[in-house]
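The primary structure of each chain is shown beneath.
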Amino acid sequence: KQEVTQIPAALSVPEGENLVLNCSFTDSAIYNLQWFRQDPGKGLTSLLLIQSSQREQTSGRLNASLDKSSGRSTLYIAASQPGDSATYLCAVLGGSYIPTFGRGTSLIVHP
Amino acid sequence: EPEVTQTPSHQVTQMGQEVILRCVPISNHLYFYWYRQILGQKVEFLVSFYNNEISEKSEIFDDQFSVERPDGSNFTLKIRSTKLEDSAMYFCASSGQGIAETQYFGPGTRLLVL
């Protein structure tokens, strides 16, 4: 059974810092990995999707990498801003086509 | 920009009652999903739906749950006899032409079972 772990569980940083959020998964037989942002009491917003054949994806200040063989993905946020404050979730789509989510990293960026 | 919508945003019901949660996926999407998130817990997959039938379902999706696409736009989740532990946020999502494509989530329905 796929297990997804996100480290750290919470992070509080001053504005302007570059951040790395980690996601690890136990079964490397995945189709893709998706990073989401969730604001309190709201739905999930897709940030980046990495297919299993890809190594990384970039969107603006966000860069996500995938190392399928070691079961790891990182989300890099450059020059963090207070508006980046949210919970960041990773989800892997495994061989059963059932997505498995991590618990998320709760990020606070203070001015 | 197209988005997934869900109604109602909040629903309060008595234990044992039936509830229907509604979703309108993005119009040209072919794959539809329901997830739930119990307060403070992970997002959990319930079911995926394609070509008018269930593609995959989790252990959570037992006989109390059913899904339907009653017309060309709506996608519904029915809980036949709600339990206290069904209280959660329920999210609908859709993706385009393939199950491994980006999933777009709705804002959720917060269900409270008393």
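The text that follows walks through the structure, step by step, so that each part is easy to find. (Residues numbered from 1 in each chain as written. Chains lettered and ligands numbered in written order. Predicted model: local features only at pLDDT ≥ 70, side-chain atom pairs only at ≥ 80, totals over all residues. Heavy atoms only, no water.)

### Points about the overall build of chain B
Phase 1 of the analysis: Looking only at helices and strands, chain B features zero helices and eleven strands.
Phase 2 of the analysis: Scanning chain B from its N terminus toward the C terminus, one meets helices and strands in the order β-β-β-β-β-β-β-β-β-β-β.
Phase 3 of the analysis: By the compact-globule yardstick of 13 Å for 114 residues, chain B fits well, its C-alpha radius of gyration being 13 Å.
Phase 4 of the analysis: For chain B, the residues scored as buried account for 47% of the 114 residues in total.
Phase 5 of the analysis: Of the contacts formed within chain B by residues at least 6 apart in sequence, a portion of 54% connects residues at least 24 apart.
Phase 6 of the analysis: Element-wise, carbon and sulfur atoms account for 46% of the exposed surface of chain B, whose accessible area totals about 5700 Å².
Phase 7 of the analysis: Computed over 9 positive and 14 negative side-chain charges, the inter-centroid distance for chain B is 5 Å. (Helix = DSSP H or I, 4+ residues; strand = E, 2+ residues; numbered from the N terminus. Rg over C-alpha atoms; globule rule 2.2 N^0.38 Å. Buried < 20%, exposed > 50% of the residue type's maximum accessible area, 1.4 Å probe, protein only. Contact = heavy atoms within 4.5 Å. Areas by Shrake-Rupley, 256 points an atom, 1.4 Å probe, with all protein chains shown as cover. Lys, Arg positive; Asp, Glu negative; His and termini not counted. Charge placed at Lys NZ, Arg CZ, Asp CG, Glu CD.)

### Re the environment of B:Glu44
All names here are of chain B.
Phase 1 of the analysis: Relative to the helices and strands, Glu 44 is located in strand E5 (residues 43-50).
Phase 2 of the analysis: Judged by relative accessible area, Glu 44 falls into the partly exposed class, the value being 27%.
Phase 3 of the analysis: With residues near it in sequence (within four places) discarded, Glu 44 still touches Tyr 35, Arg 36, Ile 38 and Ile 60.

### Some points on the interface of chain B and chain A
Phase 1 of the analysis: On the chain A side, the residues contacting the 20 residues of chain B number 23 residues.
Phase 2 of the analysis: Across the interface of chain B and chain A, roughly 1700 Å² is buried in total on both sides, 59% from carbon and sulfur atoms.
Phase 3 of the analysis: Among the residues of chain B in contact with chain A, B:Lys42, B:Ala100 and B:Phe105 are the three that bury the most area, contributing 32% of the side total.
Phase 4 of the analysis: Taken together, chain B and chain A are joined by zero salt bridges.
Phase 5 of the analysis: In this structure, the connection of chain B to chain A is made through two residue pairs in polar contact (both at pLDDT 80 or more).
Phase 6 of the analysis: Where the side of chain B that touches chain A is concerned, the elements lending two or more residues are strand E4 (31-37), E5, strand E6 (53-57) and strand E9 (88-95) of chain B. (Buried area = accessible area lost by both parts, 1.4 Å probe. Salt bridge = Lys/Arg side-chain N within 4 Å of Asp/Glu carboxyl O. Polar contact = N/O pair within 3.5 Å; in protein donor to acceptor, adjacent residues only side chain to side chain.)

### Here's the deal with the pattern of salt bridges
Phase 1 of the analysis: For the structure on display, the rule yields three salt bridges over all chains.
Phase 2 of the analysis: A salt bridge links B:Arg36 to B:Glu44; the shortest N-O distance between them is 3.0 Å.

### Let's talk about the layout of surface pockets
Phase 1 of the analysis: Roughly 590 Å³ of volume is contained in the largest pocket.
Phase 2 of the analysis: The wall of the largest pocket is formed by 20 residues, among which A:Lys1, A:Gln2, A:Ile98, A:Pro99 and A:Thr100 lie closest to the centre.
Phase 3 of the analysis: When contributions to the lining of the largest pocket are tallied by element, the ones reaching two or more residues are strand E10 (99-101) of chain A together with E5 of chain B.
Phase 4 of the analysis: Of the residues that constitute the lining of the largest pocket, the class distribution is seven nonpolar, seven polar and six charged. (1 Å grid on protein atoms, 1.4 Å probe; cavity = no way out; pocket = protein on both sides within 12 Å on 5 of 7 lines; lining within 4 Å. Points joined across faces, edges and corners; volume = space filled by probe spheres on them. Nonpolar A, V, L, I, M, F, W, Y, C, P; charged D, E, K, R; others polar.)

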